[in-house]
Amino acid sequence: MRQIFFFIVAFFAAPFIHAQTTGAQKIAAFNQQQQLLQSSPYKNLQWRLTGPDNRSGRCTDVYGIPGNPNVYYAAFATGGLWKTEDGGENWKPLFDKEATQSIGNMAVSLSNLDIVYVGTGEANIFRASLPGIGMYKSINGGKNFQHIGLENSGTIARVIIHPSNPNMVYVAASGNEWTYNKDRGVYLTTDGGKTWKNILFESEKSGCIDLVMDPSDPNTLYASMWNRIRRRWSDPMPEDGDYIYKTTNGGKTWKKIVNGLPDTKLTGRIGLAVSRSNPNVLYAFVDDHHIKREPRKEEYDSYERKVQKVVIGGAIYRSTNKGESWEKMGEVHDFVTPFSGTYGWVFSQIRVHPKNENRVYAFGVSKVVSDDAGKTWKQWEATDTTSAWTHGDNHALWIDPQNTDRIILGNDGGVSITLNGGVKWKNFFDKIPTTQFYTVTYDMKQPFNIFGAVQDEGTMSGNVMNTFGVKPDTSLRPWRMAPGGEGTQIQIPADSPNIVYSSSYYGRLMKTDMNKGRRDGVRRFASFDVGRIDSLRGEWLAATLISRHNSRTIYHGLQYLYKSTDGGDTWQMISPDLSYNNDSAKGIYPYLIYHQAITAIADSDVPGILVVGTDDGRVWLTMNDGKSWSEITNNLPKNKHVAKIFTSAGQGAPNLYLALNDRRQDNHKPYFYKLSNDGKFQWQLISSNLPESPANVIVEHPDNRNILFCGTDMGVYMSKDDGKTWIAINGNLPASVSVNDLFIHPRDKKLVIGTYGRGVYVLDDLNVLK
């Protein structure tokens, strides 16, 4: 009988608490990674980008050059900075050699177009946003960059360059996402980034989320501060301290300008815009959480939860005296439901037409325009029937002040450009591969298809033989939408590649037959209706697993583990609540995020043996298919998110590996573990020489148990000695690309990685890594 490594041990929690990873540590980690890349025998490794080619990723900022229709810049949440010099026909990445792919905002000096400043760290603070590492500067139009400080700022919301002095730059630093820190507020450099001074600071809780300059007086600036933090169980909630400040002396002194604005105890993020044609006019997009109305009967929100309250959402305020007083003009919510609602924390962007102080643009899930200074609003959509559609969730807009018909838009799908004021749009999804994958998996077709959960999109699928930028073989599946939501673990039976098990949101599992239509082919399992059944909690990436022994045996995890032996026809709960079930780690509607739930499931070659992990750091073992459970968290650091569990297959004593992720505490230590099999039954840390970057995934080579592959927020690595040492295998990948998931196809032995910001890459022949 095979030796079984699983065992029962008494639980004791190791109270390891790690401080925030500092900017200096992030820089040191990147330098370490650069050394690993240079010394790697695979530094010239060529990964093939397979796609997708029908979506980019979340665009956080766009920029153009006044009067020049050829040059545009586009910044992405986790996809770096891109530039075109031919009006969008060709785009090139500018940030592939830098320490982060997360861009918050950027600016080009209009007095010297070669000078570009980039603020890193997306300020929208999504559940999977990646932090930045401060400010960068280019003096040659983006050909190369130099890091110039503010490495502890976490996220950067706005960069403003003085119109005639490119060495004078103001930065809105919004701070860490998950923890409080002092490096936030408004910063100023007067020497091109050599030194910085914090010129506006409220507290370690409040950062600057928007900053605008009076176009007629560069000494006059307006800053909006935002008291916010994201919790593992909660989106940002309204907290006191969301004030607007004004300076008239370049930041030497500031005053609050809140006359006429709502009470900040129930407000959130505030976006600002100043009129170029009349600088006395200033607009504020206030995320207002005061109650607007009672919910309608059977009204559900974007995450399929029953609505419990409806807030004002986007409230538009206007000042005609440079902020000395404000008047509420209108609201942007119900008529474009959902516009921002209770997730205005990710939007609140507003712009004014450069030549018309009364034409105002506001951005949320949709984009809207007002021609009467914000009193009334209408959808801003193309009127030309030949126009490309524009993606939802809008975050950035730039209007050419010399030709106001020329506009570039940034949204969750990527970049769109209009040359006629929005009558007709053109997208560039097939030019900028910045798609954000949470997970990737495969089917057993020949050649196989890749499936993955994509932020802001849903589940997507494409054939492994597709190559980005190359006309696809029409006999192969092009990249397209597939069954499932944007946050899901996907499973396809080996013997039924048309069947897909996936979740919509928060573990609401469904089974889809792709050979049938959407109406007839989808079966939703009502017993997993998280949000409609109040007692249930399901993670964003709720764990689902098809048994390696029987393709009709399915496991699915909420806070409990469920099992079906008939392909989902019936389900049985086979565990108690496996989380800590701590009331203090549960959110309040509508800000709640379902937490304390199962994130990883692995089975064994021995039927009935399962290992399960939760997002609050617990690891459990059953040797009898759920009849009894033993906690094996043991000496693991406490309360870390279990990102992945991997168990060996084949002959011999199987190995058990674990990836723990603590990014949600701004701790970047890479926690990769192996369960010892020497009788001590403890977890052994095998991160060894990996740079300090959060751990996402680990797998074992199917033919050689000494060879491991892992993905972190800073690339992909392999070990040939069971984790004692690691080798960087990024090759032609961006240096700081986040690798969220990976697999080795069991039949074809292709290594596939799903990146969070640069799409899906394939290594076609593992033999090149011998």
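All values derive from a computational prediction rather than experimental measurement.

Student: Where do I start with the packing of aromatic side chains in this structure?
Tutor: By convention here, two paired aromatic rings are described through the distance between centres and the angle between planes. All chains considered together, the criterion is met by 25 aromatic pairs. Relative to W479, the ring of F437 lies with its centre 5.9 Å away and its plane at 70 degrees, an arrangement referred to as edge-to-face. A residue pair is termed long-range when its members are at least 10 positions apart, and F437 in strand β30 (residues 437-442) and W479 in the loop between β32 (458-463) and β33 (480-482) qualify at 42 residues. A ring pair is formed by Y506 and W540, whose centres lie 5.5 Å apart and whose planes are at 70 degrees; its orientation type is edge-to-face. Pair noted here: Y506 is in the loop between β34 (499-503) and β35 (509-513) and W540 is in the loop between β36 (522-524) and β37 (544-546), with a separation of 34 residues, a long-range link. Ring pairing ties together the aromatic residues Y303, Y438, Y505, Y506, W540, Y594 and Y756, which thus form one cluster. Directly above the ring of W540 sits R127, whose terminal nitrogen or CZ lies 3.6 Å from the centroid.

Student: Help me understand the sheet that holds strand β18 (residues 267-274) in this model?
Tutor: Strands pair in a sheet through their backbones, by hydrogen bonds, and they do so in one of two ways: parallel or antiparallel. Pairing in this open sheet of four strands is antiparallel, and the strands run β18-β19-β20-β21 from one edge to the other. Among the strands making up the open sheet, the edge pair consists of β18 and β21 (327-332). Across the sheet, the axes of successive neighbouring strands diverge by a mean angle of 30 degrees, strand direction being ignored.

Student: Looking at this structure, I do not really get the confidence of the model for the protein. What am I missing?
Tutor: When pLDDT is low, close inspection of the predicted coordinates is not appropriate. Model confidence for the protein is summarised by a mean pLDDT of 94, while 96% of its residues fall at 70 or above. Note on residues 1-17: pLDDT under 50 across the span, and 54 contacts to partners over four residues away in sequence or across chains.

Student: When you look at the nonpolar core in this model, what are you seeing that I'm missing?
Tutor: Across soluble globular proteins, nonpolar side chains have a tendency to be buried as a group. Counting residues in each nonpolar core, the largest one holds 49 residues, and the members touching the most others are Y73, L81, M106, V118, M135 and I698. When near neighbours in sequence (up to four residues on either side) are disregarded, M135 contacts Y117, V118, G119, Q146, H147, I148, G149, L150, I156, V159, V171 and W196.

About the cut-offs
- Residues numbered from 1 in each chain as written.
- Predicted model: local features only at pLDDT ≥ 70, side-chain atom pairs only at ≥ 80, totals over all residues.
- Heavy atoms only, no water.
- Phe/Tyr/Trp six-rings, centres within 6.5 Å; stacked < 30°, edge-to-face > 60°.
- Helix = DSSP H or I, 4+ residues; strand = E, 2+ residues; numbered from the N terminus.
- Lys NZ or Arg CZ within 6 Å of the ring centre and 35° of its normal.
- Pairing = 2+ DSSP bridges.
- Axes fitted to C-alpha atoms, helices over the stretch in contact; angles between N-to-C directions.
- pLDDT = per-residue confidence, 0-100.
- Contact = heavy atoms within 4.5 Å.
- Core = buried A, V, L, I, M, F, W, Y, C linked by side-chain atoms within 4.5 Å.
- Buried < 20%, exposed > 50% of the residue type's maximum accessible area, 1.4 Å probe, protein only.

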